[in-house]
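Each chain, written out:
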Amino acid sequence: TGGRHFCAGAVREVLADVGRDPVEDTAYRNLETVYAAFTTIGTIELPTIAAVRGAAVGAGLNLALATDLRVVSTTARLLPGFAQIGIHPGGGHFSLLHRTTGSRELTAAMGLFGEEVRGERAVELGLAWSAHEDDEVEQAARELDIPVDEIRRRNLLTPSELPHANGLGLTFDIGDFPAVLEKA
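These notes cover the structure that comes with them. The shown structure was predicted, so the numbers you read here are calculated from the model rather than taken from an experiment.

Turning to the side chain of Thr101, a few remarks are in order. Assignment of secondary structure puts Thr101 in helix α4 (residues 93-101). Overall, Thr101 belongs to the buried group, its relative accessible area being 18%. At a separation of 3.1 Å, a polar atom in the side chain of Thr101 contacts the main-chain amide nitrogen of Ser103.

Structure below.
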């Protein structure tokens, strides 16, 4: 992370521009650039780890949630922030939260009501793997010794959840689950 905070979220002006005219080309493309920052993380074939120190707010929280694993500082603040500024959680926020925690209640508390979760509590709730002092977060992330297949196993839908239909009506089915895990 390098600084005091992980990421303070998207530039509000970009969000405001889309709110004024959601089909205006430049505004739409600027918003797509924000979304691409964290949607691209999901396409990386190597395991990704976020070392979160300080605040991860809004799109910054989405960025952290898009990684395979999160290591946080004991002072980390995971805060959706959308409700506080009067906008709908964007960028797949609900999906990322639910995929990470598996908890409908936590997803609702954070996504709908803007509940903040801090360091060690994030570990208890399944939002992070471990919590460390601020100056130890990055080193702890680098020293993780979790096999790639285990990280991927924790982020895949279980066989009982397949086929899975998302909110857009698209259906996903990975077929032979054990064989897919072997490839992971």
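This is not the end of the story, as more comes after the structure.
This next bit is on the environment of Ile44. Along the chain, the position of Ile44 falls in the loop between α2 (25-39) and β1 (49-52). Among the residues examined, Ile44 registers a relative accessible area of 42% and is labelled partly exposed. Between the C-alpha atom of Ile44 and that of Asp68, which follows or precedes it by 24 residues, the distance is 10.0 Å.

Glancing now at the sheet that holds strand β6 (residues 130-132). If you walk across this open sheet you meet the three strands as β1-β3-β6, and the pairing is parallel. The open sheet has two free edges, formed respectively by β1 and β6, since each of these has just one partner strand. Here the average twist between neighbouring strands, direction ignored, is 20°. Bridging between strand β3 (residues 69-73) and β6 involves three bridges; their strand directions are parallel. By the bridge assignment, Val72 is partnered in β6 with Ala131.

Moving on, we get to the sheet that holds strand β2 (residues 55-57). In space, the three strands of this open sheet follow the order β2-β4-β5, with mixed pairing throughout. The sheet is open, and its two borders are formed by β2 and β5 (117-118), each paired with just one other strand. Of the strand pairs in this sheet, β2 and strand β4 (residues 77-79) are connected by three bridges, and their pairing is parallel. Paired with Ala55 across the two strands is Arg77, which belongs to β4.

Within helix α5 (residues 104-111), burial applies to Leu106, Thr107, Ala108, Met110 and Gly111. Along its buried surface, α5 packs onto α3 (59-66), β4, α4 and β5. The N-cap residue of α5 is Ser103: its side-chain oxygen and the backbone nitrogen of Glu105 are 3.4 Å apart.

For the rest of this paragraph, the subject is the side chain of Arg53. Here Arg53 lies in the loop between β1 and β2. Owing to a relative accessible area of 13%, Arg53 belongs among the buried residues under this scheme. At 3.2 Å, the side chain of Arg53 and the backbone oxygen of Asp134 are in polar contact.

Rules and cut-offs
- Residues numbered from 1 in each chain as written.
- Predicted model: local features only at pLDDT ≥ 70, side-chain atom pairs only at ≥ 80, totals over all residues.
- Heavy atoms only, no water.
- Helix = DSSP H or I, 4+ residues; strand = E, 2+ residues; numbered from the N terminus.
- Buried < 20%, exposed > 50% of the residue type's maximum accessible area, 1.4 Å probe, protein only.
- Polar contact = N/O pair within 3.5 Å; in protein donor to acceptor, adjacent residues only side chain to side chain.
- Pairing = 2+ DSSP bridges.
- Axes fitted to C-alpha atoms, helices over the stretch in contact; angles between N-to-C directions.
- Contact = heavy atoms within 4.5 Å.

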